Amino acid sequence: MFLGAKKRTLSVLGSTGSIGVNALNVISVCPDRFTVRYLTAGRNATLLIEQARQYRPQAVAIADESQYRMLKENLSGQDIEILAGKQAIIELASRGDVDLVINAIVGMAGLEPTYRAFRAGRDVALSNKESLVMAGEIIMNLVKDKGLNLYPIDSEHSAIWQCLVGEDQKNIKRLILTGSGGPFRTRPLAEFDKITPAEALRHPTWTMGKKITIDSATMMNKGLEVIEAYWLFGVRPEQIEVLIHPQSIIHSMVEFCDGSIKAQMGLPDMRLPIQYAIGYPERLPKAWESVDWAKIGHLTFENPEPVKFPALRIANEALRCGGTAPALMNVVNELAVYAFLENRITFPQITGMIETALSKIPIINKPSLEDILNVEPVAREFMASIIDNERK
Ligand SMILES: NC(=O)c1ccc[n+]([C@@H]2O[C@H](COP(=O)([O-])OP(=O)(O)OC[C@H]3O[C@@H](n4cnc5c(N)ncnc54)[C@H](OP(=O)(O)O)[C@@H]3O)[C@@H](O)[C@H]2O)c1
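Since the model is a prediction, treat every value here as computed from it, not as a measurement. (Residues numbered from 1 in each chain as written. Predicted model: local features only at pLDDT ≥ 70, side-chain atom pairs only at ≥ 80, totals over all residues.)

1. Some details on the overall build of the chain
Part 1: Tallying secondary structure elements over the chain gives 17 helices and 11 strands in all.
Part 2: A globule of 392 residues ought to have a C-alpha radius of gyration of about 21 Å, and the chain, at 20 Å, matches this closely.
Part 3: Along the first, second and third principal axes, the C-alpha set of the chain runs to 60 × 55 × 45 Å.
Part 4: Buried residues in the chain amount to 45% of all 392 residues.
Part 5: The contacts of the chain with a sequence gap of at least 6 include a subset with a gap of at least 24, amounting to 69%. (Helix = DSSP H or I, 4+ residues; strand = E, 2+ residues; numbered from the N terminus. Rg over C-alpha atoms; globule rule 2.2 N^0.38 Å. Buried ≥ 20, exposed ≤ 12 C-beta atoms within 10 Å, placed from the backbone. Contact = placed C-beta atoms within 7 Å.)

2. Some points on the sheet that holds strand β7 (residues 150-152)
Part 1: The strand order β4-β3-β2-β1-β5-β6-β7 describes an open sheet built from 7 strands, whose pairing is parallel. The open sheet is flanked by β4 (81-84) and β7, the only strands paired with a single partner. Going across the sheet, the axis of each strand differs from the next one's by a mean of 20°, ignoring polarity.
Part 2: For strand β2 (residues 34-41) and strand β3 (residues 59-62), the ladder comprises 4 bridges, and the chain directions are parallel. The partner of Leu39 across the bridge, within β3, is Val60.
Part 3: Those strands touched by helix α1 (residues 18-29) are β1 (8-13), β2 and β5 (100-103), and its axis lies near 160° from that of β1.
Part 4: Relative to the sheet, helix α2 (residues 45-55) contacts β2 and β3, its axis offset from that of β2 by approximately 160°. (Pairing = 2+ DSSP bridges. Axes fitted to C-alpha atoms, helices over the stretch in contact; angles between N-to-C directions.)

3. Some details on the site of the ligand
Part 1: The ligand sits among 29 residues. The nearest are Gly17, Gly42, Asn44, Met208 and Gly209.
Part 2: Counting only elements with at least two residues in the shell around the ligand, the list comes to α1, α6 (129-146) and α9 (210-218). (Near = placed C-beta within 6 Å.)

4. So, the pairing of β2
Part 1: Burial within β2 is extensive, with 6 of its 8 residues counted as buried.
Part 2: Each parallel crossover has a hand, and for β1 linked through α1 to β2 it is right-handed.
Part 3: Handedness of the crossover joining β2 and β3 through α2 is recorded here as right-handed. (Right-handed = clockwise from strand over helix to strand, strands pointing away.)

5. Quick notes on the packing of helix α7 (residues 155-164) against helix α11 (residues 271-279)
Part 1: Where α7 contacts α11, the two axes come as close as 9 Å, and the packing angle between them is 55°. The pairing of α7 with α11 is recorded here as oblique in orientation. Relative to α11, the crossing made by α7 is left-handed. Here Ser155, Ser158 and Gln162 of α7 lie close against α11, whose contacting residues are Pro273, Tyr276 and Ala277.
Part 2: Tallied by class, residues from the contact of α7 with α11 come to 3 nonpolar, 3 polar and no charged. (Parallel < 35°, antiparallel > 145°, perpendicular 65-115°, else oblique. Left-handed = near helix turned anticlockwise from the far one by under 90°. Nonpolar A, V, L, I, M, F, W, Y, C, P; charged D, E, K, R; others polar.)

6. A short note on the nonpolar core
Part 1: Judged by nonpolar contacts, the single largest core of 111 residues is most densely connected at Ile102, Ala315 and Val332.
Part 2: The element best represented in this core is helix α14 (residues 325-341), accounting for 10 residues. (Core = buried A, V, L, I, M, F, W, Y, C linked by C-beta atoms within 7 Å.)

7. Digging into the sheet that holds strand β10 (residues 250-256)
Part 1: Spatial ordering of the open sheet is given by β9-β8-β10-β11, a layout of 4 strands whose pairing is mixed. Both outer strands of the open sheet, β9 (240-244) and β11 (261-265), are each paired with one neighbouring strand and no more. On average, each strand axis in the sheet is inclined to that of its neighbour by 20°, with strand direction left out of account.
Part 2: In terms of strand pairing, strand β8 (residues 172-179) meets β10 through 4 bridges, oriented antiparallel. By the bridge assignment, Ile172 is partnered in β10 with Phe256.
Part 3: In this fold α7 packs onto β8, β10 and β11, with an angle of close to 40° to the strand it touches most, β10.

8. So, helix α4 (residues 86-93)
An α-helical segment advances 3.6 residues per turn. Residues three or four places apart therefore align on the same side.
Part 1: If you check which residues of α4 are buried, you get Ala88, Ile89, Leu92 and Ala93. Relative to the axis of α4, the buried residues are bounded by an arc of 140° and lie together on one face.
Part 2: Where α4 is buried, its residues meet β1, β2, β3, β4, β5 and α5 (111-119). (Arc of directions from axis to C-beta.)

9. A short note on the packing of α9 against helix α10 (residues 220-233)
Part 1: It is the contact of α9 with α10, at a shortest axis distance of 5 Å, that shows an interaxial angle of 95°. Between α9 and α10, the angle is such that the two are roughly perpendicular. Residues Ile212, Asp215, Ser216 and Thr218 of α9 pack against Met220, Asn221 and Leu224 of α10.
Part 2: Taken together, the residues that form the contact of α9 with α10 break down as 3 nonpolar, 3 polar and 1 charged.

10. As for unusual backbone geometry
Part 1: In this structure, Pro281 follows Tyr280 across a cis peptide bond, with omega equal to 10°.
Part 2: Considering the arrangement of structural elements, one finds Pro281 in the loop between α11 and α12 (293-296).
Part 3: Notably, Asn343 is not glycine yet its phi reads approximately 60°, a positive angle.
Part 4: With respect to the secondary-structure elements, Asn343 resides in the loop between α14 and α15 (347-360).

Honestly, that's just the spatial picture; any functional story needs more than this.
If you want it as structure tokens, here you go:
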């Protein structure tokens with residue numbers, strides 16, 4: 001849908017996170033183009049209060065109900081509706097009086113808001129890749145049936161989307177998703193047991209939230225992105241390849257049937273894909289530095305190492321298995337990432353637990369949304385039992 005120069009009214013779900021803050025930065029640079037109607041957070045009430053004072057939304061919601069009083073006290077007299085709890089986030093995501101919902105919530109908590117925003121007939125700029133990993137078929141069918149738009153924010157998918165402008169889908173030979181390789185690309189596998197959360201949180205090229213930073217270190221992030229690309233671009237799994245590109249300048253590429261390859265490039269800065277998604281189909285002027293090619297000097301490429309980083313194989317297997325397998329993989333990964341950050345399991349155990357869960361928990365074919373949402377309690381119980389057993 002082309003909205004021309006009309007001012008767009010936006011919701012920013014997950015406004016207190018890395019993508020949410022970047023989205024608000026992009027919005028601030030173009031106040032004549034965008035206005036914020038709703039903001040939501042998980043538990044960072046302090047930042048949400050600051051953002052509410054700056055952007056003057058109609059309503060804010062915080063998932064953590066214990067923060068409600070703090071919000072109420074600090075925003076009293078501001079004419080801002082204040083809501084709290086998981087259902088409040090979903091309710092704000094479903095309000096129909098916005099042009100576009102930006103979903104920058106991390107993890108499985110983002111799925112229902114994505115689904116409900118589309119159900120309400122809204123277009124969505126989607127950063128929450130977990131929505132598509134868990135329920136890609138349900139969401140893409142909803143988008144199609146209602147004639148809506150899903151604008152990807154993930155830099156790789158934004159790159160592919162940009163490469164496909166003006167192209168015929170049937171001419172795609174393969175999608176090449178690039179990835180930096182994370183902080184452990186050159187570390188020997190024998191040392192993986194000793195990896196600490198602090199080391200895993202030091203990403204070489206991107207500054208991001210904790211969960212995606214650990215996903216990048218295990219390369220599960222690339223696995224999630226393969227599944228995301230499958231649903232977004234309608235290609236076969238074997239047409240999606242992953243290539244390690246440590247400089248993170250080429251954000252992804254598309255090869256066409258005649259052998260021609262298009263790449264989208266830029267500095268590793270999420271403001272660009274966010275701005276492209278919320279401004280589409282226009283390209284808005286940038287407010288950040290340009291690529292200094294001579295300073296970068298060279299771009300290099302290598303294949304991922306499957307033994308060191310089994311996550312890519314696991315994600316491909318889950319995609320091919322279908323049903324609730326990708327949702328199960330995603331939920332167990334998320335729980336394992338937080339267990340690793342709390343020093344309850346080792347780095348290699350993150351992917352180890354996903355493989356165990358996929359081999360032990362029955363997969364449901366053709367799942368409903370309810371079946372997919374039910375994966376979480378089952379996976380939690382399973383994870384608790386294996387972590388307890390390993391401690392004994
Ligand atoms: N960061 C990047 O550069 C990047 C790039 C590509 C894709 N992505 C994707 O974008 C999404 C967000 O990533 P991020 O790095 O911005 O994460 P983040 O910095 O951890 O921020 C996550 C946001 O979600 C909110 N949140 C957390 N738990 C919630 C819950 N249970 N209910 C409602 N809101 C909740 C957080 O609120 P509080 O902070 O208030 O708790 C925060 O606003 C992820 O799906 C990620 O894979 C991120």
